Amino acid sequence: MARLEVHQFPMRSDNYGVLLHDPATEATASIDAPDAEELFAALHEKGWVLTHILITHHHHDHTAGNTIVKRMTGCTIIGPAKEAGSIPGIDVTVEDGDTVEIGSVKGKVIETPGHTRGHVSYSFPDDKLVFVGDTLFSVGCGKLLEGDAKMMWSSLEKLAKLPPDTKLYCGHEYTNNNCRFALTVEPENAALQARAAEAAKLAEKGEPALPTTIAQELATNPFLRPTSPAIQKRLGMEGRELSEIFGEIRKRKDRF
Ligand code: ZN
Ligand code: FE
């Protein structure tokens, strides 16, 4: 039974903010806090009072609002234990498998390192929602700034195992650009062609291509598809380790 209300809104230049609200208890959580002012505007619009911030990773574009928002609301800031030292105002540290509670709704912490060494995602299995920060984007994935391909690939494998109809929310919107790259890796993928057409249309209208779903990403996202025979053939990597194939796709995207 779905219980959380979700409100997604654009922040900064290309971040997305997400608010989670439990109507039963009035508890409200923000996924990351890219910008205090824009976060307050979204809370005001919804008439919700912030109780928690769930931090995915330490980067400034995800934590810049922490200090002011905490001072103004007294909210509890939850974030990855492995990055606690670089997350302003952190109150509660979490690790893989820990439970977070937003009012009456329970979420699960999934460690998804690779973009940063301590990056976590938050999954709400009853509501079939997952918030992945900068680990996975629609038709893309985060840059390997602190981890390597092997580390990121095992993080992506964890997300890929969530129920296919799980809604996936990301820290940024790069879908349209990501599709242009993905089509160079797997041009014959009909699901990707359709997603690219949809993303181009949405971008033209200034509308988000998010959230996506696990199923849609499994069908279209080259970073989740190193098993694809077409991709393996194009890269000349038939039968190689999946993490190596993933790593090659990541390298090509870095140069794209
Ligand atoms: Zn980041
Ligand atoms: Fe980011």
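Residues numbered from 1 in each chain as written. Chains lettered and ligands numbered in written order. Predicted model: local features only at pLDDT ≥ 70, side-chain atom pairs only at ≥ 80, totals over all residues. Heavy atoms only, no water.

Examining the overall build of the protein
Move 1: Counting its regular elements, the protein contains 9 helices and 14 strands.
Move 2: Radius of gyration (C-alpha) of the protein: 18 Å, near the 18 Å computed for a compact globule of 256 residues.
Move 3: Counting only C-alpha atoms, the protein reaches 55 × 40 × 35 Å along its principal axes.
Move 4: A buried classification covers 52% of the 256 residues belonging to the protein.
Move 5: The long-range share in the protein, meaning contacts at least 24 apart out of those at least 6 apart in sequence, stands at 59%.
Move 6: Counting 28 positive and 36 negative side-chain charges, the protein places the centres of these two groups 6 Å from one another. (Helix = DSSP H or I, 4+ residues; strand = E, 2+ residues; numbered from the N terminus. Rg over C-alpha atoms; globule rule 2.2 N^0.38 Å. Buried < 20%, exposed > 50% of the residue type's maximum accessible area, 1.4 Å probe, protein only. Contact = heavy atoms within 4.5 Å. Lys, Arg positive; Asp, Glu negative; His and termini not counted. Charge placed at Lys NZ, Arg CZ, Asp CG, Glu CD.)

So, the packing of helix α5 (residues 175-185) against helix α6 (residues 190-205)
Move 1: Running from N to C, α5 and α6 cross one another at 150°; their axes reach a closest spacing of 8 Å. As judged from the angle between their axes, α5 and α6 are roughly antiparallel. Where α5 crosses over α6, the handedness of that crossing is left-handed. Touching T175, N176, C179, A182 and L183 of α5 are L192, Q193, R195, A196, A199, A200 and A203, all from α6.
Move 2: In terms of residue class, the contact of α5 with α6 is made up of 8 nonpolar, 3 polar and 1 charged. (Axes fitted to C-alpha atoms, helices over the stretch in contact; angles between N-to-C directions. Parallel < 35°, antiparallel > 145°, perpendicular 65-115°, else oblique. Left-handed = near helix turned anticlockwise from the far one by under 90°. Nonpolar A, V, L, I, M, F, W, Y, C, P; charged D, E, K, R; others polar.)

Here's the deal with the pattern of salt bridges
Move 1: For the structure on display, the rule yields 11 salt bridges.
Move 2: For D91, the salt bridge goes to K70, with nearest N and O atoms at 2.7 Å. Of this pair, D91 sits in the loop between β5 (76-80) and β6 (92-94) while K70 sits in helix α3 (residues 66-73), and the two are 21 residues apart along the sequence.
Move 3: Among the salt bridges present, the one from E188 reaches R234, with a minimum N-O distance of 2.9 Å. A residue pair is termed long-range when its members are at least 10 positions apart, and E188 in the loop between α5 and α6 and R234 in helix α8 (residues 229-235) qualify at 46 residues.
Move 4: Judged by relative accessible area, which is 43%, E188 ranks as partly exposed. (Salt bridge = Lys/Arg side-chain N within 4 Å of Asp/Glu carboxyl O.)

Some words on the domain arrangement of the protein
Frequently, the measure chosen for interface size is the accessible area that the parts lose on association.
Move 1: Assigned domains within the protein: domain 1 (5-169) and domain 2 (175-255).
Move 2: If you look at the interface, domain 1 gives 25 residues, while domain 2 gives 27 residues.
Move 3: Contact between domain 1 and domain 2 buries roughly 2200 Å² in total, counting both sides, with carbon and sulfur atoms accounting for 71%.
Move 4: When the area that domain 1 buries against domain 2 is broken down by residue, the three leading residues are S138, V139 and W153, summing to 34%.
Move 5: Remark: the boundary between domain 1 and domain 2 carries 0 salt bridges.
Move 6: Taken together, the elements giving at least two residues each to the side of domain 1 that touches domain 2 come down to β11 (136-137), β12 (140-141), α4 (149-160) and β13 (167-169).
Move 7: With 7 residues, α4 is the single largest residue contributor to the side of domain 1 that touches domain 2. (Domains from an automatic or database assignment. Buried area = accessible area lost by both parts, 1.4 Å probe.)

Thoughts on the coordination of the iron ion (ligand 2)
Ideal geometry at a metal centre: 109.5 degrees between donors when four sit tetrahedrally, and 90 or 180 degrees when six sit octahedrally.
Move 1: Coordination of the iron ion (ligand 2) by the protein involves D61 (OD), H62 (NE2), D134 (OD) and H172 (NE2), with metal-donor separations of 2.1 to 2.4 Å.
Move 2: One way to put it: the 4 donor atoms around the iron ion (ligand 2) meet at angles of 84 to 172°, and that makes the site irregular.
Move 3: Expressed as a motif, the donor residue spacing for the iron ion (ligand 2) is D-H-x71-D-x37-H.
Move 4: The metal-metal distance between the iron ion (ligand 2) and the zinc ion (ligand 1) is 3.1 Å, with D134 coordinating both. Here D134 lies in the loop between β10 (129-131) and β11 and D61 lies in helix α2 (residues 60-63), a separation of 73 residues in the sequence. The exposure classification of D61 matches that of D134, with both residues buried. (Donors = N, O, S within 2.8 Å, 3.2 Å for Na, K, Ca; no water. Tetrahedral: all angles 85-135°; square planar, octahedral: opposite > 155°, others 65-115°.)

A word on the coordination of the zinc ion (ligand 1)
Move 1: Here the zinc ion (ligand 1) is held by H57 (NE2), H59 (ND1), H115 (NE2) and D134 (OD), and the distances to it run 2.2 to 2.3 Å.
Move 2: Every donor counted, the 4 donor atoms about the zinc ion (ligand 1) form angles of 85 to 175° at the centre, which fits irregular coordination.
Move 3: Taken in chain order, the donor set of the zinc ion (ligand 1) reads H-x1-H-x55-H-x18-D.
Move 4: For H115, a relative accessible area of 6% gives the class buried.

Quick look at the sheet that holds strand β1 (residues 5-11)
Move 1: Read across the open sheet, the 6 strands follow the order β1-β2-β3-β4-β5-β6; overall the sheet is mixed. The open sheet has two edge strands, β1 and β6, and neither has a second partner. Adjacent strand axes in the sheet meet at a mean angle of 20° when their direction is disregarded.
Move 2: Where β5 meets β6, 3 bridges bridge the pair, whose relative direction is parallel. Directly across from G79, in β6, lies its bridge partner T93.
Move 3: Against the sheet, helix α1 (residues 36-46) contacts β1, β2 (15-22) and β3 (27-31), and its axis sits at roughly 140° relative to β1. (Pairing = 2+ DSSP bridges.)

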